[in-house]
Amino acid sequence: MALPQQCEAAFGTADLYGVLGVRRGASPQEIRRGYHRASLRLHPDRVPAEQKEEATRRFQILGKVYAVLSDEKQRAVYDETGTVDEDAEALQDGRDWLEYWQLLFKVTVKDIEDFQKSYKNSAEELADVKAAYMNFKGDMDRIMESVMCADYTDEPRIREMIEQAINSGELPSFKAFVRESKRKMMSRRRRVEKEAKEAKKTKDELGLSGENDLQALIKSRSRDREKEMDNFLAQLEAKYGNSAKKGGKKTSAKKRK
C-alpha cells in the first residue's frame, strides 16, 4: 500500500501535511515541529500492551511521512505529483523508527509530560480540536483519539470547546456530535477508563516516573527480548534435549546410524 493510502487508513487523511498538522508551504522547522508534536501523542511506549502493535504501526507511518517531507527532493516530487518514491531507502520497512526518533529529538518522559501541560487549554489545542471536529464530522470517538494528549477526563472540556464554537458560529452543527447517543458515550467512557487503568499498570510495572527518561523504556524492551530468547532456548532444549546446545542435527544423525 502506498504511503498516502497508509495515511488515509491510519489517520483519516491521505495528505502528508495533514498528518503532521502543518500547511503545505510549511518551513523545514515547522515540518519538524509538526512531526515532534504528532509523535509525542502517538509514541508506542505511552499505550497499554494490547494497543502497542497498532500504535507502533501508526508511529512508523508518521516517521515515513516526516522522512518524505523533510527531504527536499522527495517533498518536491510529492508537491508536484501527490505521490512518493516508495523505493526510497528511508521508506523501507527495516528502519527502526523508534531509535530514529530518539536520536532526532532526544526526548525524555518528563519532556512529554511538560509538553502535555503547556498544550492543554492552549490556542494550539483549541485549533486542533476544531480541526478534528471538522475532519471527523463531529464523531467524538475519532476526535478523542486524534487530539493530542487527551484522555477520558478531558472529554467534558473538549466537548465544551466544541459547543462554544458551534454556538458562536465558528463550527457547523454535525448530527454525530449534537445527537450522540448516551449508549455510545458510555461505551467510549468504559473503553477509555479501562485503557487508562492498563496504561497506569504498565507504567507502574516498568517502574517509570516523570523523572525517568526513555532509557528505562529501552532497557525494558531489551529485557523483554532477552526473556523471549531464553524462552525460545528453553523450548529447544525441552524438544531436543542437550543436543540443542551442542548441535542437535549431528547427535540425531549419530542416533540414526
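Up top is the structure.
Computed from a predicted model, the values in this text were never measured in an experiment.

Here the focus is the pattern of salt bridges. Across all of its chains, the model carries 16 salt bridges by this definition. Where Arg24 meets Asp15, a salt bridge forms, and the shortest distance between an N and an O atom there is 3.3 Å. In this structure Asp15 comes out as partly exposed when scored by relative accessible area, which is 24%. Residue Asp79 is joined to Arg24 by a salt bridge in which the shortest nitrogen-to-oxygen separation is 3.7 Å. On the criterion of sequence distance, the pair formed by Asp79 in helix H5 (residues 72-81) and Arg24 in the loop between helix H2 (16-20) and helix H3 (28-42) is long-range, its members being 55 residues apart.

By the element assignment, Tyr119 lies in helix H7 (residues 109-119). Under the relative-accessibility criterion, Tyr119 is labelled buried at 1%. Separated by 29 residues in the primary sequence, Tyr119 and Met148 have C-alpha atoms spaced 8.4 Å apart. Once you skip the residues sitting within four places of it in the chain, Tyr119 turns out to touch Glu124, Glu125, Asp128, Val147, Met148 and Cys149. Among the polar contacts listed, one links the side chain of Tyr119 to the side chain of Asp128, at a separation of 2.5 Å.

Let us look at helix H1 (residues 3-11). Taken residue by residue, H1 has Leu3, Pro4, Gln6, Cys7, Ala10 and Phe11 as its buried positions. Buried residues in H1, looked at end-on, bunch into an arc of 155°, giving them a common side. Residues of H1 that are buried in the fold lie against H2, H3, helix H4 (52-69) and helix H9 (140-146). Downstream of H1 by a residue or two, Gly12 has a phi angle that is positive, lying close to 80°.

Let us now look at the environment of Asp154. Mapped onto the fold, Asp154 is located in the loop between H9 and helix H10 (155-167). For Asp154, a relative accessible area of 6% corresponds to the buried category. In the structure, Asp154 is positioned 34 residues away from Lys120 in sequence and 9.2 Å away in space, judged by C-alpha atoms. Discounting residues that sit within four places of it in the chain, Asp154 has contacts with Lys120, Met144 and Cys149. Reaching out from Asp154, the side chain makes a polar contact with the side chain of Lys120 at a distance of 2.9 Å. A distance of 3.1 Å separates the side chain of Asp154 from the side chain of Arg157, its partner in a polar contact.

Quick notes on the rules
Residues numbered from 1 in each chain as written. Predicted model: local features only at pLDDT ≥ 70, side-chain atom pairs only at ≥ 80, totals over all residues. Heavy atoms only, no water. Salt bridge = Lys/Arg side-chain N within 4 Å of Asp/Glu carboxyl O. Buried < 20%, exposed > 50% of the residue type's maximum accessible area, 1.4 Å probe, protein only. Helix = DSSP H or I, 4+ residues; strand = E, 2+ residues; numbered from the N terminus. Contact = heavy atoms within 4.5 Å. Polar contact = N/O pair within 3.5 Å; in protein donor to acceptor, adjacent residues only side chain to side chain. Arc of directions from axis to C-beta.

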